[in-house]
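Structural characterization, general
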Amino acid sequence: MAQEQPAGDGGTAPDPWEGVELDEDFVRAAGTSEPSARARMLAARWRAERPEPQPWRADKPPAGWFFSRSRRRRRKG
């Protein structure tokens, strides 16, 4: 299944990946260092203009939470 690639002198050169085996330990040991697309986008945006500080938790519940239908059904029942 190994394909030989043509060499510059007209002959064929052996495939350099012929005897290489990428086992599971090798793959799992490889580190990842590239940030996600979202992280790159936000970093580029924040370099140009710093974001406004946001509280960790909002003072108000999400819109519609307090007066939602499911809460009204529980209160009436």
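Computed from a predicted model, the values in this text were never measured in an experiment.

Side note on the overall build of the chain
- Of regular secondary structure, the chain possesses three helices and two strands.
- Starting at the N terminus and ending at the C terminus, the chain contains elements arranged as β-β-α-α-α.
- Scored against the burial criterion, the 77 residues of the chain give a buried share of 3%.
- Summing over all exposed atoms, the chain offers an accessible surface of approximately 8,300 Å²; the carbon and sulfur share of this is 53%.

With respect to the pattern of salt bridges
- Considering all chains together, one arrives at two salt bridges under this definition.
- Notably, a salt bridge pairs R28 with E24, separated by 2.9 Å at the nearest N-O pair. Of the two residues, R28 and E24 are both situated in helix α1 (residues 24-29); the distance of four residues between them amounts to about one turn of the helix. Accessibility assignment for this pair places R28 and E24 in one class, exposed.
- Across the salt bridge formed by R40 and E34, the nearest N and O atoms sit 3.2 Å from each other.
- Assessed through its relative accessible area of 39%, R40 is described here as partly exposed.

Structural notes on a nonpolar patch on the surface
- A cluster of nonpolar residues, W17, V20, L22, F26 and V27, forms a patch on the protein surface that exposes about 560 Å² of accessible area.
- Here L22 lies in the loop between β2 (12-13) and α1.
- Since its relative accessible area comes to 52%, L22 is described here as exposed.

Notes on the confidence of the model for the chain
- Overall, the prediction assigns the chain a mean pLDDT of 77, with 58% of residues at 70 or greater.
- Across the chain, element-level confidence peaks in helix α2 (residues 37-48) with a mean pLDDT of 94 and bottoms out in strand β1 (residues 5-6) with 56.

The rules we used
- Residues numbered from 1 in each chain as written.
- Predicted model: local features only at pLDDT ≥ 70, side-chain atom pairs only at ≥ 80, totals over all residues.
- Heavy atoms only, no water.
- Helix = DSSP H or I, 4+ residues; strand = E, 2+ residues; numbered from the N terminus.
- Buried < 20%, exposed > 50% of the residue type's maximum accessible area, 1.4 Å probe, protein only.
- Areas by Shrake-Rupley, 256 points an atom, 1.4 Å probe, with all protein chains shown as cover.
- Salt bridge = Lys/Arg side-chain N within 4 Å of Asp/Glu carboxyl O.
- Patch = residues over 30% accessible without salt bridge, like charges linked within 9 Å, V, L, I, M, F, W, Y side chains within 5 Å.
- pLDDT = per-residue confidence, 0-100.

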